[in-house]
Amino acid sequence: MMTQLARFKKRINDVIPLTRSLAVDLVAYDGRQLLVSAPLEPNHNHQGTAFGGSLYSVAVVSAWGLVELQLADAGLTGSILIQSGEMDYLGPVEGDFYALCTLTDEDLMRRFHKSLARLGKGRLNLTAQIFRGEATLTPDTRPLAAFRGRFVVQEVRTDFCRL
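Residues numbered from 1 in each chain as written. Predicted model: local features only at pLDDT ≥ 70, side-chain atom pairs only at ≥ 80, totals over all residues. Heavy atoms only, no water.

A. Just the overall build of the chain, in detail. What the chain contains, in helices and strands, is four helices and six strands. Moving toward the C terminus, one meets the helices and strands of the chain in the order α-α-β-β-α-β-β-α-β-β. A globule of 163 residues ought to have a C-alpha radius of gyration of about 15 Å, and the chain, at 16 Å, matches this closely. The dimensions of the chain, computed from C-alpha atoms along their principal axes, are 50 × 35 × 25 Å. A burial count over the chain gives 45% of its 163 residues as buried. Put simply, of all contacts in the chain between residues at least 6 apart along the chain, 75% involve residues at least 24 apart. For the chain, the computed accessible surface area is about 8,800 Å², with 52% contributed by carbon and sulfur atoms. Taking the 18 positively charged and 17 negatively charged side chains of the chain as two groups, their mean positions are separated by 9 Å. (Helix = DSSP H or I, 4+ residues; strand = E, 2+ residues; numbered from the N terminus. Rg over C-alpha atoms; globule rule 2.2 N^0.38 Å. Buried < 20%, exposed > 50% of the residue type's maximum accessible area, 1.4 Å probe, protein only. Contact = heavy atoms within 4.5 Å. Areas by Shrake-Rupley, 256 points an atom, 1.4 Å probe, with all protein chains shown as cover. Lys, Arg positive; Asp, Glu negative; His and termini not counted. Charge placed at Lys NZ, Arg CZ, Asp CG, Glu CD.)

B. Representation of the layout of surface pockets within the structure. Of the volumes computed, that of the second largest pocket is approximately 210 Å³. Taken together, 14 residues make up the lining of the second largest pocket; nearest its centre are Thr102, Leu103, Thr104, Leu126 and Thr127. Elements supplying a minimum of two residues to the lining of the second largest pocket: strand S4 (97-102), helix H4 (106-119) and strand S5 (122-132). Looking at the lining of the second largest pocket element by element, the count peaks at five residues for S5. For the lining of the second largest pocket, the class distribution of residues is eight nonpolar, five polar and one charged. (1 Å grid on protein atoms, 1.4 Å probe; cavity = no way out; pocket = protein on both sides within 12 Å on 5 of 7 lines; lining within 4 Å. Points joined across faces, edges and corners; volume = space filled by probe spheres on them. Nonpolar A, V, L, I, M, F, W, Y, C, P; charged D, E, K, R; others polar.)

C. Spotlight on the packing of helix H1 (residues 4-15) against helix H3 (residues 52-73). Two elements in contact, H1 and H3, have axes separated by 12 Å at closest approach and are oriented at 125°. In terms of orientation, H1 lies oblique with respect to H3. The element H1 and its partner H3 pack so that their crossing is right-handed. Residue-level contacts link Gln4, Leu5, Phe8, Arg11 and Ile12 of H1 to Val61, Trp64, Gly65, Glu68, Leu69, Ala72 and Asp73 of H3. Considered class by class, the residues forming the contact of H1 with H3 number seven nonpolar, two polar and three charged. (Axes fitted to C-alpha atoms, helices over the stretch in contact; angles between N-to-C directions. Parallel < 35°, antiparallel > 145°, perpendicular 65-115°, else oblique. Left-handed = near helix turned anticlockwise from the far one by under 90°.)

D. Layout of H4. With 14 residues, H4 should reach 20 Å at 1.5 Å per residue; the first-to-last C-alpha distance of 20 Å fits that figure. Those residues of H4 lying buried are Met109, Phe112, Ser115 and Leu116. What you see down the axis of H4 is that its buried residues fit within an arc of 120°, all on one side. Away from its buried face by more than 90 degrees, H4 exposes Arg110, Lys114, Ala117 and Arg118. In this fold, the buried residues of H4 make contact with H3, strand S3 (76-89), S5 and strand S6 (145-158). Where H4 begins, one side-chain oxygen reaches toward the backbone nitrogen of Asp107, 3.0 Å away; that side chain belongs to Asp105. Positive phi shows up at Gly120, right after H4, with a value of about 75°. (Expected span 1.5 Å × (residues − 1). Arc of directions from axis to C-beta. Polar contact = N/O pair within 3.5 Å; in protein donor to acceptor, adjacent residues only side chain to side chain.)

E. Spatial organisation of the packing of aromatic side chains. Throughout the structure, instances matching the rule amount to four aromatic pairs. With 5.4 Å between their ring centres and 25° between their planes, Tyr98 and Phe131 make a pair best called stacked. Here Tyr98 is found in strand S4, whereas its partner Phe131 is found in strand S5, with 33 residues between them in sequence. The exposure class of Tyr98 is buried, given its relative accessible area of 2%. Judged by relative accessible area, which is 3%, Phe131 ranks as buried. An aromatic cluster of three or more residues is present, and its members are Tyr56, Phe147 and Phe151. (Phe/Tyr/Trp six-rings, centres within 6.5 Å; stacked < 30°, edge-to-face > 60°.)

By themselves, these observations are geometric and do not establish any function.
What follows is the structure in structure tokens.
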């Protein structure tokens, strides 16, 4: 039987072909964090470090994916769009890397879910950090890049496939 994460990986590879080109792997999801990794090989620049566009894309996948999985956990589906995003590049990424997006504010999540229930839409500001090395939900090094983005969820409805 295919896990929720495996089904989601297949789905994003189908609907976002760039994820295949970047060799994105969805490593772990625990209900509050999504861990997405990518190898340096297809994502390097002319200097042998990770290309900034690849870092940005992997970070967005981790944040967008976390919203998608949060909706699925609630038995919902909807149209998730990135409204705005920015990336701070804090150091060169000289090897395989991963993005970790974490939901940390319980009150923010309560308001988000309340908005989805009342209005059928909502906004969520998320941060995803990029780290180098072995992918883990508990990194012990400083991030080499940080993405901040606002995601808009519209057309929220019950996902009858889950029922």
